[in-house]
Amino acid sequence: MTARVVVVGLGPGDPRLVSSAAVEAIAGATARFVRTARHPSASLAEPATPFDYLYDTAQSIDDVYAGVVDALVAAARSHGEVLYAVPGSPSVAERTVELLRADDRVEVSVIPALSFLDLAWDRLGIDPLQAGVRLVDGHRFAVEIAGASGPFLVAQCDSAFTLSEIKLAVEEGPRVTVLQRLGLPDESVFEVAWDDLDRGVRPDHLSCLWIPVLTHPVAVELVRFDELVHTLRARCPWDSQQTHRSLTRHLIEETYEVLEAIDELEGPDGYAHLEEELGDLLFQVAFHATLAAEQGQFTLADVARGIHDKLVERHPHVFGPPGVPVPNWEEMKKAEKSRASVMDGVPGNLPSLLYAFKVQSKAASVGFDWKDAAGAWSKISEELGELQEALASEFGGGSLVNEELGDVLFSVVNVARHLGVDPEAALRDASAKFRRRFEAMEVLGAARGIGVDEDLWEEVKTLE
C-alpha cells in the first residue's frame, strides 16, 4: 500500500481566505493532522491531531520538524493516506513540507494556498521582485542572512527568544517593521528600533519582520561555524558530555599547539599550519561560549561584544579625541576591576617562566623595577652566590637549595625581560635545539655502531 500525505495550506489567518480546493480536501480526509492548532483557520480541519506538543518537548526547532515528518510518515503507512494542514502556503517558509517532499518513504501531494506574503506585500506597498526581497526563517536568521544586506522579510518570528537571537545576530540594525496577524481583525503593523526588537514586540505565530537593509551583514563563516558548534553539542555523543572543566586540558593543548605552529612559521606550509591550529583554538572558545549559553549566561556574540567594548575603552588614544595620552594599562585595569593589587590579575596556574615574567612586568608597570639590564644582571651573580652558599652549608637542605635556585631562575627571567626576550619562547627554542641535536646524534651514533657521547655531540653541533 502506497503511503501518501496530502498537504493543504490554511492561508494567512482569516478562514475566508482558505481555498475551496483545500476545504474539499479536508472534508474528504479521515486522518487529519495540523502543524499547529494555534492558527486561526486550524478549526476548519477539526477533528485533527496537532503537533504543538513537539514545540514544547523537542530539543531544537530542527527536532520539531523531524518529529512532524516521522509522525506523518508513520500515520500514512498505517492509514494509506493522511491530510496535513499547515499555516499559510505549503510552499512558503514551510520546512516540514520541504522535508516531506525529500522523503522517499511517502508520496506527497500539495494543494497550493494563499500565503501571508501576499498580504505583507500589500501592507508594505512594495513589489518583492522589483525590490529583490529575500524571505528568511526567523529560527535560522543568522545563517540565512549571512553575508547579505537585504532587504529581508523574516517569517516564523513566533517567540521572544527568536527575536532576541535575531537582534544579537547583528551588531547594529535599522528600524524594522513588525507585521502581525495580517488579515485578521486585530492586525497590527508598526515600526520598532532594532535594540527594542525583543522588548517592544509581543510575538506570536502570525508575526513577521520587514528589514529594509542591514549595513553590517553577518560574517558568513563565523555564523556557519557557530551553528556547527551548537549542532555538535546537540548530536555528537562526545561533545554532548563535555563540561567547562573537562575541556580545560584540551584548551591548554590547543594553545600550546598554536605556539608550536608560530615557532614553525618559517618552515614549509607554516601559515597553513598556524591557520589550522588557530581554528582548533577558536573551537575551544566557541565550545565554552556554547556551554555558557545553555546555562543562560552568555553567547559567543556576547564574548565578541565584550572584548570589542573593552578594547575600545582601553584605547582612548585611538578612539578618543585627539591628544589623549596612552594610558597606564595596569592602573586602568586595576581601577576597572576594583583590584587591591596590580598582581590580582595574574593567574597562579601559568607556566612558571611565564608566571615570573608576568609578575615582574606587573611590578614594573608601577615603577618597581631595575633601571636597565645591568642591575638585573648583577642580581644573577648575587643569587648564584647564595645558591653556592646553600649547597655548601651543612644546614643547606633541599628546601633552601630549592628556594635559592628559584631565585636564580627568577633573576634570569628579569634579565630576559629587560633584554626584550620572551623567556618562555627562549627556553622552548633552546629545548627544541637540544632535542634536534640529540636526535641527530642518535642517528649518527646508530650509523656508526656507537652510543651517544660528548665527542659525537660536538660533531653534531658543527654540522648545523
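Provided above is the structure to which this section pertains.
Calculation criteria
Residues numbered from 1 in each chain as written. Predicted model: local features only at pLDDT ≥ 70, side-chain atom pairs only at ≥ 80, totals over all residues. Heavy atoms only, no water. Helix = DSSP H or I, 4+ residues; strand = E, 2+ residues; numbered from the N terminus. Rg over C-alpha atoms; globule rule 2.2 N^0.38 Å. Buried < 20%, exposed > 50% of the residue type's maximum accessible area, 1.4 Å probe, protein only. Areas by Shrake-Rupley, 256 points an atom, 1.4 Å probe, with all protein chains shown as cover. Lys, Arg positive; Asp, Glu negative; His and termini not counted. Charge placed at Lys NZ, Arg CZ, Asp CG, Glu CD. Core = buried A, V, L, I, M, F, W, Y, C linked by side-chain atoms within 4.5 Å. Contact = heavy atoms within 4.5 Å. Patch = residues over 30% accessible without salt bridge, like charges linked within 9 Å, V, L, I, M, F, W, Y side chains within 5 Å. Salt bridge = Lys/Arg side-chain N within 4 Å of Asp/Glu carboxyl O. Pairing = 2+ DSSP bridges. Axes fitted to C-alpha atoms, helices over the stretch in contact; angles between N-to-C directions. Polar contact = N/O pair within 3.5 Å; in protein donor to acceptor, adjacent residues only side chain to side chain. 1 Å grid on protein atoms, 1.4 Å probe; cavity = no way out; pocket = protein on both sides within 12 Å on 5 of 7 lines; lining within 4 Å. Points joined across faces, edges and corners; volume = space filled by probe spheres on them.

1. Section: the overall build of the chain
1) Next: Scanning the chain from N- to C-terminus turns up 20 helices and 10 strands.
2) Next: Relative to the compact-globule value of 23 Å for 464 residues, the chain shows a C-alpha radius of gyration of 33 Å, a clear excess of over 25%.
3) Next: In terms of overall dimensions, the chain has a C-alpha envelope of 105 × 65 × 45 Å along the principal axes.
4) Next: Every one of the 464 residues in the chain was classed for burial, and the buried ones make up 36%.
5) Next: For the chain, the accessible area works out to roughly 26300 Å², and carbon and sulfur atoms hold 55% of it.
6) Next: In the chain, 41 positive and 75 negative side-chain charges are present, and the distance between their average locations comes to 4 Å.

2. Considerations on the nonpolar core
1) Next: Residues V5, L72, V82, Y84 and L100 are the most contacted members of the largest nonpolar core, which totals 21 residues.
2) Next: When residues of this core are traced back to their parent elements, those giving at least two are β1 (4–9), α3 (61–79), β4 (81–86) and α4 (95–101).
3) Next: For this core, the element with the most residues is α3, which contributes eight residues.
4) Next: Those residues in contact with V5 that lie beyond four places of it in its chain are L72, A76, V82, Y84, L100, V106, E107, V108 and S109.

3. Some remarks on a negative patch on the surface
1) Next: A contiguous patch of negative charge, built from E171, E172, D195, D309 and E313, is present on the exposed surface.
2) Next: Within the secondary structure, E313 sits in helix α13 (residues 300–313).

4. Remarks on the sheet that holds strand β8 (residues 176–180)
1) Next: On the basis of which strands lie adjacent, the open sheet formed by five strands has the order β6-β7-β10-β8-β9 and mixed pairing. Because the sheet does not close on itself, it has two edges, and the strands there are β6 (134–137) and β9 (188–192). Here the average twist between neighbouring strands, direction ignored, is 25 degrees.
2) Next: Alignment of β8 against strand β10 (residues 207–211), held across four bridges, turns out to be antiparallel. Paired with Q180 across the bridge in β10 is S207.

5. Some details on unusual backbone geometry
1) Next: Residue P47 follows E46 across a cis peptide bond; omega there is -5 degrees.
2) Next: Assignment of secondary structure puts P47 in the loop between β2 (32–34) and β3 (49–50).
3) Next: Going from G150 to P151, the amide bond is cis rather than trans, its omega being 5 degrees.
4) Next: Note on placement: P151 falls in the loop between α7 (141–144) and β7 (152–155).
5) Next: At Q156, a position not held by glycine, the phi torsion is positive, near 60 degrees.
6) Next: Positionally, Q156 belongs in the loop between β7 and α8 (160–168).
7) Next: In this structure, D269 takes a positive phi of about 60 degrees despite not being glycine.
8) Next: Its place among the elements puts D269 in the loop between α11 (248–263) and α12 (270–294).

6. A look at a nonpolar patch on the surface
1) Next: A cluster of nonpolar side chains, contributed by L222, L282, V285, F298 and V303, occupies part of the molecular surface with about 390 Å² of accessible area.
2) Next: Taking relative accessible area as the criterion, F298 reaches 35% and is therefore assigned partly exposed.

7. Regarding the side chain of D137
1) Next: Here D137 shows up in strand β6.
2) Next: Within the buried set, D137 has no salt-bridge partner at all; the shortest N-O distance to an opposite charge, 5.8 Å, is to R140.
3) Next: One polar contact links the side chain of D137 to the main-chain amide nitrogen of H139, over a distance of 2.9 Å.
4) Next: Other than its neighbours up to four places away in sequence, D137 contacts Y65, E144, V154, A155 and Q156.

8. Concerning the side chain of R233
1) Next: Note on placement: R233 falls in helix α9 (residues 220–235).
2) Next: You can call R233 buried: its relative accessible area is 14%.
3) Next: For R233, the side chain forms a polar contact with the side chain of E294, separated by 2.8 Å.
4) Next: Not counting chain neighbours up to four residues away, the residues in contact with R233 comprise D239, S240, Q241, Q242, F287, T290, L291 and E294.

9. Examining the environment of P151
1) Next: Exposure remark for P151: the relative accessible area of 13% places this residue in the buried category.
2) Next: Note: C-alpha distance between P151 and W210 (59 residues apart in sequence) is 7.7 Å.
3) Next: Residues in contact with P151, not counting those within four places in the same chain, are A131, G132, V133, R134, W210, I211 and P212.

10. Some words on the layout of surface pockets
1) Next: The computed volume of the second largest pocket comes to approximately 430 Å³.
2) Next: In this structure, the second largest pocket is lined by 16 residues; those nearest its centre are T255, Y256, L350, P351 and L354.
3) Next: Counting residues per element, the ones that place at least two in the lining of the second largest pocket are α11, α16 (352–365) and α19 (423–448).
4) Next: Per-element accounting of the lining of the second largest pocket gives the leading share, six residues, to α11.

Limitation: the analysis is restricted to geometry and does not speak to function.
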